[in-house]
Amino acid sequence: MVKSRLTQWLMVTSKQTWALILILIVAAVLRLSQVGASEFQFDEANVLNIAASIADGRALPSAGHWTSIGIRNTPLLSYLWALPILISRNPSLIVGLSALLDTLAILLTYKFVAKFFSIQAGLAAALLFATGPWAIHWSRRVAPQNLPIITILLLTFLYFLVIQRRSWAVVPFMIALGLGFQTQIKTAFYGPAVILTLLIYRDRLRWRPLLVGLSLLALLVIPYGIYILGSWGEIWSALSRNVLKNPSALDGRALQYWLWIVSGAHLEDGLGAAAHLYSPYAQLLGGVTIFVGLLTLLGLGVALSKAIRWPKTHENYVLLLIWSVTPFLPLVWHSAPIYLSYLTNLFPLPFIWCGIGAAAALSQGRRLVSYAVAAGLLASLVVQAASVSVFYGYLNRYGTLGGYGRPLGHWLAIADGARKQAARAGLTELAVIAPGTAPASEGPPATLSYLLNRSLDLYFLGRGDTRSVLLSSERNRLYLVMKGDGEVRRFLGALGESKGDLVLADGLVVSFFVLSAHPLDHWLALPSETLDVRLENGVVFEGYDLPAEVRLGDRLQIVTYWRFDTVNARDRQGYWQGFAHFVDGSGKRWSQQDAFGLDSNRWRNGDILVQWYEMGVPTDAPPGDYRIHLGLYSLWDGHRAAILDASGQKAGDHIALGPVKVGK
């Protein structure tokens, strides 16, 4: 009884049911296997940090993270991921949920195509969707993207409205449209298709369901609309700077990308240095590209023929053309760069067109053609499934140096190592020396902040890609060093205790150190030259290491020691930056570096920041005595922190070190 109802709902025979079940199993296995190899960059971490703030009750944002064109995305995906975060903050859970939603989208894609086109087209579309390497890759990304399950629901309710003339379907259609927009701002590309469809088929509409649907759509988009109105000046400036200033031009890359996302071509670009190992599979996927290209052309040819000759009796093809062409046009005629990922907004339409083409070829009655198409679909399944498995295997084995970035498994290993080291030493503070220091805008700190900030108090050091170490008189601190800087590792090894290294697949060495607290006098004995210069922002310059002589063309290295003494809340909001100027006797500046490795909002009284400065000595600098001018200035308005004399009065805006003799 249950089986017959299932086959009736799926519109398939018993054999076709098993074929569909097999397709779904393949889809789920490919999406859920080797989760640790999933792409996990700044976008993913940023979305999950926003989701964590929602789950913790700290924020209810009306907009999401910043996009590449300088405006903020819609936030629904962060709200969605906040739900599993309530259970676990492990990104693997969210990746798995995203993969399962994509698998469900494959089932609904089959149901949609089988109902409104043919069962054969539905099975072929589902098969290609299930094994498409790029579809699998993006199904495991938790960054802002469209969710194909929303797009296929949008199309399904649209066809209920237009083809089956169910006027009530406009309500869930509008809801799906609103959810799609709140998931990914690029859903706005469907706007012209919505307007065109409602105008052409206005006889299918009834005022009451339409008003209800539009009201619900408005409720869904109003929060983001409030953000747009409140930030319109910034949004217009960003659009003018990044999009509108450039002339629009015809760009055929989107047509190429369309085929790639079905076939999986150029998947090896994500491997970086290991891409050459993938060459045999890349060649096979090139063959799949030709095959799906032919199927796409055949599907479009069938649709155009029927839509032009019999538009009223083939409205299913007319609708599909409208909803494929209109959102695709901005990708062909545009003024801003487009990328392969932009076409995820069209999922699952590329697979549907291939399915229609495959069904047209199979129904021609020519046995040889049918066998060839069936063999091509089977070969595509095998090639794509094998290519995906090998791709993720290579990621785990060789890493992604020069590719799409460090995979999720690497970050989980780093975070797990930090938690274990902190637990063994009984520490709650972690100083991180990694590429980047700003969780709001840089990948490594955003990722580590999401993974670790509930269990450890994080300090990100080395702002501006400089060397920095934080010393304490009160607290022992664990250090996690990801940068390949021998100077800092030697410094920490000499002053603290090494806790071992973690070597990742791409050769990156992650080192752990414990730096114990010592009395202030212990730390103040480190610099070779000691001073006691107080600045107006509560910072005291305690000393430095400086060579007495350098030669033309050398690199001049200075090690400086800054103690946070009477820093208050206002000082921490100053957004302070450090400067080191290499000047001659007349005050002419020959070289400089601006750096201060710890954001001022993390300054804590009693800590000492060791800051390295390194400057080149120009080859055309005249030999003689030079000095170093040091100080701090606010990045908000550029004003320098005043130097205070013994009576607390302002006595200049920089500290002079030296002299340093420059010789030939």
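Residues numbered from 1 in each chain as written. Predicted model: local features only at pLDDT ≥ 70, side-chain atom pairs only at ≥ 80, totals over all residues. Heavy atoms only, no water.

**Brief notes about the overall build of the chain**
Thinking step 1. If you tally the helices and strands in the chain, you get 22 helices and 18 strands.
Thinking step 2. Each of the 664 residues in the chain was classed as buried or not, and the buried ones make up 55%.
Thinking step 3. For the chain, the exposed surface amounts to about 28300 Å²; the carbon and sulfur share of it is 60%.
Thinking step 4. For the chain, the separation between the mean place of its 55 positive charges and that of its 42 negative charges on side chains is 18 Å. (Helix = DSSP H or I, 4+ residues; strand = E, 2+ residues; numbered from the N terminus. Buried < 20%, exposed > 50% of the residue type's maximum accessible area, 1.4 Å probe, protein only. Areas by Shrake-Rupley, 256 points an atom, 1.4 Å probe, with all protein chains shown as cover. Lys, Arg positive; Asp, Glu negative; His and termini not counted. Charge placed at Lys NZ, Arg CZ, Asp CG, Glu CD.)

**A look at the sheet that holds strand S5 (residues 468–471)**
Thinking step 1. Read from one edge of the open sheet, six strands run S5-S15-S12-S10-S9-S17, paired in antiparallel fashion. Strand pairing shows two members of the sheet lacking a second neighbour, S5 and strand S17 (643–644), which therefore form its edges.
Thinking step 2. In the sheet, strand S12 (residues 555–564) pairs with strand S15 (residues 608–616) via nine bridges, with the strands oriented antiparallel. The partner of Trp-562 across the bridge, within S15, is Leu-609. (Pairing = 2+ DSSP bridges.)

**Concerning the pattern of salt bridges**
Thinking step 1. Summed over the entire model, instances satisfying the criterion amount to 29 salt bridges.
Thinking step 2. Between Glu-39 and Arg-141 there is a salt bridge, and its shortest N-O distance comes to 3.8 Å. One end of the pair, Glu-39, is in the loop between helix H2 (14–32) and helix H3 (42–55); the other, Arg-141, is in the loop between helix H7 (133–139) and helix H8 (148–162), with 102 residues separating them in the sequence.
Thinking step 3. According to the relative accessible area criterion, Arg-141 is buried, its value standing at 14%.
Thinking step 4. Asp-607 is the salt-bridge partner of Arg-477, the closest N and O atoms lying 3.4 Å from each other. Residue Arg-477 is found in strand S6 (residues 477–481), and its partner Asp-607 is found in the loop between strand S14 (589–594) and S15; the two are separated by 130 residues along the sequence. (Salt bridge = Lys/Arg side-chain N within 4 Å of Asp/Glu carboxyl O.)

**Notes on the sheet that holds strand S11 (residues 549–551)**
Thinking step 1. With mixed pairing, five strands are arranged side by side in an open sheet as S11-S18-S16-S13-S14. The open sheet is flanked by S11 and S14, the only strands paired with a single partner. Taken pair by pair, the neighbouring strands of this sheet meet at an average axis angle of 30 degrees, ignoring direction.
Thinking step 2. Sheet topology places S11 next to strand S18 (residues 655–663); three bridges connect them, and they run parallel. Each bridged residue has a counterpart across the sheet, and for Val-550 the counterpart in S18 is Val-662. (Axes fitted to C-alpha atoms, helices over the stretch in contact; angles between N-to-C directions.)

**Side note on the pairing of strand S10 (residues 539–545)**
Within a regular beta strand, the side chains point alternately toward one face of the sheet and then the other, so they alternate between its two faces.
Thinking step 1. In terms of burial, S10 is a largely internal element, six of the seven residues being buried.
Thinking step 2. For strand S9 (residues 529–535) and S10, the ladder comprises four bridges, and the chain directions are antiparallel. Following the sheet pairing, Glu-529 is matched in S10 by Tyr-544.
Thinking step 3. Hairpin connection, S9 to S10: the antiparallel pair is bridged by three residues, and Gly-538 has positive phi, about 85 degrees.
Thinking step 4. The pairing of S10 with S12 spans six bridges and is antiparallel. Note on S12: the bridge partner recorded for Gly-543 is Tyr-561.

**Side note on the packing of aromatic side chains**
Thinking step 1. In the structure shown here, the tally under the stated rule is 35 aromatic pairs.
Thinking step 2. Ring geometry for Phe-129 versus Phe-347: centroids 6.2 Å apart, planes at 70 degrees, classification edge-to-face. Here Phe-129, found in helix H6 (residues 119–131), pairs with Phe-347, found in the loop between strand S2 (333–334) and helix H16 (349–362); they are 218 residues apart in sequence, far enough to count as distant.
Thinking step 3. Ring centres of Phe-129 and Phe-351 lie 4.8 Å apart, and the angle between their planes is 10 degrees; on these two criteria the pair is classed as stacked. In this pair, Phe-129 sits in helix H6 while Phe-351 sits in helix H16, placing the two residues 222 residues apart along the sequence.
Thinking step 4. For Phe-351, a relative accessible area of 0% translates into the label buried.
Thinking step 5. Through successive ring pairs, a cluster of aromatic residues spans Phe-112, Phe-116, Phe-117, Phe-157, Tyr-159, Phe-160, Trp-168 and Tyr-317.
Thinking step 6. In this arrangement the basic side chain of Arg-72 is found over the ring face of Tyr-227, its NZ or CZ atom lying 5.8 Å from the centre.
Thinking step 7. Its guanidinium or amino end placed over the ring of Phe-160, Arg-166 lies 4.9 Å from that ring's centre, counting from NZ or CZ. (Phe/Tyr/Trp six-rings, centres within 6.5 Å; stacked < 30°, edge-to-face > 60°. Lys NZ or Arg CZ within 6 Å of the ring centre and 35° of its normal.)

**A word on H6**
Thinking step 1. Taking 1.5 Å per residue as the helical rise, H6 with its 13 residues ought to reach 18 Å, and the 18 Å between its terminal C-alpha atoms agrees with that figure.
Thinking step 2. A large share of H6 lies buried, amounting to 11 of its 13 residues.
Thinking step 3. Taken as a whole, H6 has its buried residues at Ala-121, Gly-122, Leu-123, Ala-124, Ala-125, Ala-126, Leu-127, Leu-128, Phe-129, Ala-130 and Thr-131. (Expected span 1.5 Å × (residues − 1).)

**A few points about the layout of surface pockets**
Thinking step 1. Computed from the structure, the largest pocket encloses a volume of approximately 1500 Å³.
Thinking step 2. Elements that contribute at least two residues to the lining of the largest pocket include exactly H3, H7, helix H12 (232–244), helix H13 (253–263) and helix H15 (315–332).
Thinking step 3. Residue composition of the lining of the largest pocket, by class: 28 nonpolar, 15 polar and six charged.
Thinking step 4. A volume near 390 Å³ is recorded for the second largest pocket.
Thinking step 5. As for the second largest pocket, its lining consists of 13 residues, and the residues nearest its centre are Ala-19, Ile-23, Leu-123, Leu-127 and Leu-377.
Thinking step 6. Grouping the constituent residues of the lining of the second largest pocket by class yields 11 nonpolar, two polar and no charged. (1 Å grid on protein atoms, 1.4 Å probe; cavity = no way out; pocket = protein on both sides within 12 Å on 5 of 7 lines; lining within 4 Å. Points joined across faces, edges and corners; volume = space filled by probe spheres on them. Nonpolar A, V, L, I, M, F, W, Y, C, P; charged D, E, K, R; others polar.)

**So, the packing of helix H14 (residues 279–309) against H15**
Thinking step 1. Remark: H14 packs on H15, axes separated minimally by 8 Å, with the N-to-C direction vectors making an angle of 120 degrees. One element, H14, and the other, H15, form an angle in the oblique class. Crossing of H14 over H15 shows left-handed handedness. Across from Leu-300, Val-302, Ala-303, Leu-304, Lys-306 and Ala-307 in H14, the residues of H15 making contact are Tyr-317, Val-318 and Leu-321.
Thinking step 2. When the residues that make up the contact of H14 with H15 are grouped by side-chain class, the tally is eight nonpolar, no polar and one charged. (Parallel < 35°, antiparallel > 145°, perpendicular 65-115°, else oblique. Left-handed = near helix turned anticlockwise from the far one by under 90°. Contact = heavy atoms within 4.5 Å.)

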